[in-house]
Amino acid sequence: MKHYIWALLWALVILVLCSLPSAATDSVPKFPGIDKLVHAGFFFVFTVLLYYGAIRRSGTSAPSWGISIKVIVFSSLFALFTEYLQWKIFTYRSAEAWDLFADAVGTGMGVFAYLLLHNTYGVNANTNEHIRK
């Protein structure tokens, strides 16, 4: 569990920010679509931190379908959970299918970043040495 501390902390940040009333962010400049961009950003970071934890836990940086499937499933379940909370608990917020789509896009971006970096760098997970291939 210690390997996933950053992902857990980020999940807590997401939960706190998703529970805030919309009025709490009235002073923040907005443009159309910023909500979806924020959702994608939240889940991009969350996915990258899940991969980081999985790499540290396994002790290898070798790409793994098993790790990727677990990360995608867990990130997707967390996205569903946040929308469920906005629908049933934080009723002053709105649950939207497009938010789930933005969460999925952010997760996909995190998966893409993981795969891209594994094709570019060799990483020794035990020493954090990065070797350009």
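Residues numbered from 1 in each chain as written. Predicted model: local features only at pLDDT ≥ 70, side-chain atom pairs only at ≥ 80, totals over all residues. Heavy atoms only, no water.

**Here's the deal with the pattern of salt bridges**
Consideration 1: Enumeration over the complete set of coordinates arrives at three salt bridges.
Consideration 2: Glu96 is the partner of Lys36 in a salt bridge, and the nearest nitrogen-oxygen pair spans 2.8 Å. Separated by 60 residues along the polypeptide, Lys36 in helix H2 (residues 34–58) and Glu96 in the loop between helix H3 (65–89) and helix H4 (97–120) bring together distant segments of the chain.
Consideration 3: Glu96 gets classed as partly exposed once you look at its relative accessible area, which sits at 30%.
Consideration 4: In this structure, the salt-bridge partner of Lys36 is Asp99, at a minimum N-O distance of 2.7 Å. Taken together, the positions of Lys36 in helix H2 and Asp99 in helix H4 put the pair 63 residues apart, joining distant regions of the chain.
Consideration 5: For Asp99, a relative accessible area of 2% corresponds to the buried category.
Consideration 6: One network of salt bridges, with partners in common, ties together Asp35, Lys36, Glu96 and Asp99. (Salt bridge = Lys/Arg side-chain N within 4 Å of Asp/Glu carboxyl O. Helix = DSSP H or I, 4+ residues; strand = E, 2+ residues; numbered from the N terminus. Buried < 20%, exposed > 50% of the residue type's maximum accessible area, 1.4 Å probe, protein only.)

**With respect to a nonpolar patch on the surface**
Consideration 1: Residues Met1, Ile5, Trp6, Leu8, Leu9 and Tyr52 make up a contiguous nonpolar surface patch of roughly 650 Å² in combined accessible area.
Consideration 2: When residues in the nonpolar patch are grouped by element, the largest group, four residues, is from helix H1 (residues 5–19).
Consideration 3: Structurally, Met1 can be placed in the segment before H1.
Consideration 4: The exposure class of Met1 is exposed, given its relative accessible area of 70%. (Patch = residues over 30% accessible without salt bridge, like charges linked within 9 Å, V, L, I, M, F, W, Y side chains within 5 Å. Areas by Shrake-Rupley, 256 points an atom, 1.4 Å probe, with all protein chains shown as cover.)

**Description of the packing of aromatic side chains**
The geometry of an aromatic ring pair is captured by two quantities: the separation of the ring centres and the angle between the planes.
Consideration 1: With the rule as written, the count across this model stands at nine aromatic pairs.
Consideration 2: With centroids separated by 6.1 Å and ring planes inclined at 75°, the aromatic side chains of Trp10 and Phe42 adopt a geometry described as edge-to-face. With Trp10 in helix H1 and Phe42 in helix H2, the pair connects residues that are 32 residues apart, well separated along the chain.
Consideration 3: Judged by relative accessible area, Trp10 falls into the partly exposed class, the value being 24%.
Consideration 4: On the basis of an interplanar angle of 45° and a centroid distance of 5.8 Å, the ring pair of Phe43 and Phe78 is categorised as tilted. Of this pair, Phe43 sits in helix H2 while Phe78 sits in helix H3, and the two are 35 residues apart along the sequence. Each of the two residues, Phe43 as well as Phe78, counts as buried.
Consideration 5: Taken together, the ring pairs connect Phe43, Phe46, Phe74, Phe78 and Phe81 into an aromatic cluster.
Consideration 6: Over the aromatic face of Trp87 sits the side chain of Lys88, whose NZ or CZ is 4.2 Å from the ring centroid. (Phe/Tyr/Trp six-rings, centres within 6.5 Å; stacked < 30°, edge-to-face > 60°. Lys NZ or Arg CZ within 6 Å of the ring centre and 35° of its normal.)

Note that every value here comes from positions in space, so none of it alone points to a role or purpose.
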